[in-house]
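As a plain string of letters, each chain reads:
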Amino acid sequence: ISTVNWNGLFADRAVHLRYAASWGQQAQGRNILYLTAGNVYEKGPVVAYLDLMYSRQGLDSQGIITSLQGPAVEAPATAQHTEYFSVIANFDYRIHPNWNVYVKGAYETAGVYQANGVFEKGLYQTTWNAQACVEFFPMRDKELKIFGHLLYKGYDLTNRAKALGAFVPNTQRISIGLLYTLPVF
């Protein structure tokens, strides 16, 4: 795999940019291309980022499209010529040294750019993800974290995916818990 990347810091080191392009060969005649863009703003109590990723894969290394095959497919096979696009946005705000809140969202598409086997050319799945969290750090060294977290993940399957027998349920979750990091050294 060959990679070219560029990193930059701007606005008194508050803006961090990281862009990369990677290309490689998965198998003979099956290449993979990744294009990524990471953008972070970090100043004072705010940390925000926007990440973008596009991949074009000769073999479905992420496995999302391959996993859409259900009982309707007699001989499941690895999808080929797949492409994915993802956007992830996050906004953290430290409202007090002991309290942090954040919201996060993600959007992803999964498709096939060249028909192969049971996989027709086109879009197969769109995924949405939304999260909100409140975190409390009662100790100065932040070894203990108490949190409340909300999560929603929704899937929109196209007729191509449904023809393969795909079924992916939307999920919602509420988590309340604590996390303690044991200092080992």
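Refer to the structure printed above.
This is a predicted model, so every value here is computed, not measured. (Residues numbered from 1 in each chain as written. Predicted model: local features only at pLDDT ≥ 70, side-chain atom pairs only at ≥ 80, totals over all residues. Heavy atoms only, no water.)

Student: How do you make sense of the nonpolar core when you look at a structure like this?
Tutor: One recurring pattern in soluble globular proteins is that nonpolar side chains are buried together. The biggest cluster of nonpolar side chains holds 14 residues, and the ones touching the most others in it are Ile65, Leu68, Phe119, Tyr124 and Ala161. Other than its neighbours up to four places away in sequence, Ala161 contacts Leu68, Tyr124 and Ala166. (Core = buried A, V, L, I, M, F, W, Y, C linked by side-chain atoms within 4.5 Å. Buried < 20%, exposed > 50% of the residue type's maximum accessible area, 1.4 Å probe, protein only. Contact = heavy atoms within 4.5 Å.)

Student: Looking at this structure, I do not really get the side chain of Gln125. What am I missing?
Tutor: Along the chain, the position of Gln125 falls in strand E7 (residues 122-136). On the accessibility criterion, Gln125 (5% relative accessible area) is buried. Only 3.1 Å separates the side chain of Gln125 from the side chain of Thr127, close enough to count as a polar contact. (Helix = DSSP H or I, 4+ residues; strand = E, 2+ residues; numbered from the N terminus. Polar contact = N/O pair within 3.5 Å; in protein donor to acceptor, adjacent residues only side chain to side chain.)

Student: Sorry if this is basic, but what is going on with a nonpolar patch on the surface here?
Tutor: Residues Phe91, Tyr93, Ile95, Trp99, Val103 and Val134 make up a contiguous nonpolar surface patch of roughly 530 Å² in combined accessible area. Mapped by element, the contributors of at least two residues to the nonpolar patch are strand E5 (80-96) and strand E6 (99-112). It is E5 that provides the largest number of residues to the nonpolar patch, a total of 3 residues. Tracing the chain through its elements places Trp99 in strand E6. (Patch = residues over 30% accessible without salt bridge, like charges linked within 9 Å, V, L, I, M, F, W, Y side chains within 5 Å. Areas by Shrake-Rupley, 256 points an atom, 1.4 Å probe, with all protein chains shown as cover. Salt bridge = Lys/Arg side-chain N within 4 Å of Asp/Glu carboxyl O.)

Student: Would you mind showing me how to read the packing of aromatic side chains here?
Tutor: The relation between two aromatic rings is expressed through the spacing of the ring centres and the mutual angle of the planes. Tallied over the entire structure, the rule returns 5 aromatic pairs. Here the aromatic rings of Tyr107 and Trp128 are separated by 4.6 Å at their centres, their planes lie at 55 degrees, and the arrangement is tilted. Of the two residues, Tyr107 sits in strand E6 while Trp128 sits in strand E7, which places them 21 residues apart along the sequence. Lying across the ring of Tyr113, Arg56 places its NZ or CZ 3.6 Å from the centre. (Phe/Tyr/Trp six-rings, centres within 6.5 Å; stacked < 30°, edge-to-face > 60°. Lys NZ or Arg CZ within 6 Å of the ring centre and 35° of its normal.)

Student: Which parts of the structure should I look at to understand unusual backbone geometry?
Tutor: Trans peptide bonds make up the majority, and among non-glycine residues the majority have a negative phi. Look at Asp12: it is not a glycine, yet its phi comes out positive at around 55 degrees. For Asp12, a relative accessible area of 69% corresponds to the exposed category. Of note in this structure, Arg13 is not a glycine but carries a positive phi near 65 degrees. Looking at the element boundaries, Arg13 is found in the loop between strand E1 (2-10) and strand E2 (15-27).

Student: I keep staring at the sheet that holds E2 and nothing clicks. Help me out?
Tutor: Two orientations exist for strands paired in a sheet by backbone hydrogen bonds: parallel and antiparallel. Taken together, the 9 strands give an open sheet; going across it, the order is E1-E2-E3-E4-E5-E6-E7-E8-E9, and neighbouring strands pair in antiparallel fashion. At either end of the open sheet lies a strand with only one pairing partner, and these are E1 and strand E9 (171-180). In this sheet, neighbouring strand axes are inclined to one another by 10 degrees on average, regardless of whether the strands run parallel or antiparallel. Relative to strand E3 (residues 30-43), E2 is paired through 12 bridges, and the arrangement is antiparallel. The residue of E3 that forms the bridge with Leu17 is Asn39. (Pairing = 2+ DSSP bridges. Axes fitted to C-alpha atoms, helices over the stretch in contact; angles between N-to-C directions.)

Student: How should the pattern of salt bridges be read in this particular structure?
Tutor: Between side chains of opposite charge, a pair can form when the charged atoms approach closely. Applying the stated criterion across every chain, the model contains 2 salt bridges. Between Arg56 and Glu83 there is a salt bridge; the shortest N-O distance is 3.7 Å. A residue pair is termed long-range when its members are at least 10 positions apart, and Arg56 in strand E4 (residues 46-59) and Glu83 in strand E5 qualify at 27 residues. Residue Arg56 is classed as partly exposed on the basis of its relative accessible area of 32%. Between Glu135 and Lys145 there is a salt bridge; the shortest N-O distance is 3.3 Å. Remark: Lys145 occurs in strand E8 (residues 144-157) and Glu135 occurs in strand E7; sequence separation between them is 10 residues.

Student: Looking at this structure, I do not really get the pairing of E8. What am I missing?
Tutor: In summary, the side chains of a regular strand alternate between the two faces of the sheet. Relative to E8, E7 is paired through 12 bridges, and the arrangement is antiparallel. Residue pairing for E8: Gln125 is matched across the bridge by Leu157. Where E8 lies against E9, 10 bridges are found, and the strand directions are antiparallel. In the sheet register, Leu151 faces E9, and the bridge partner there is Arg173.

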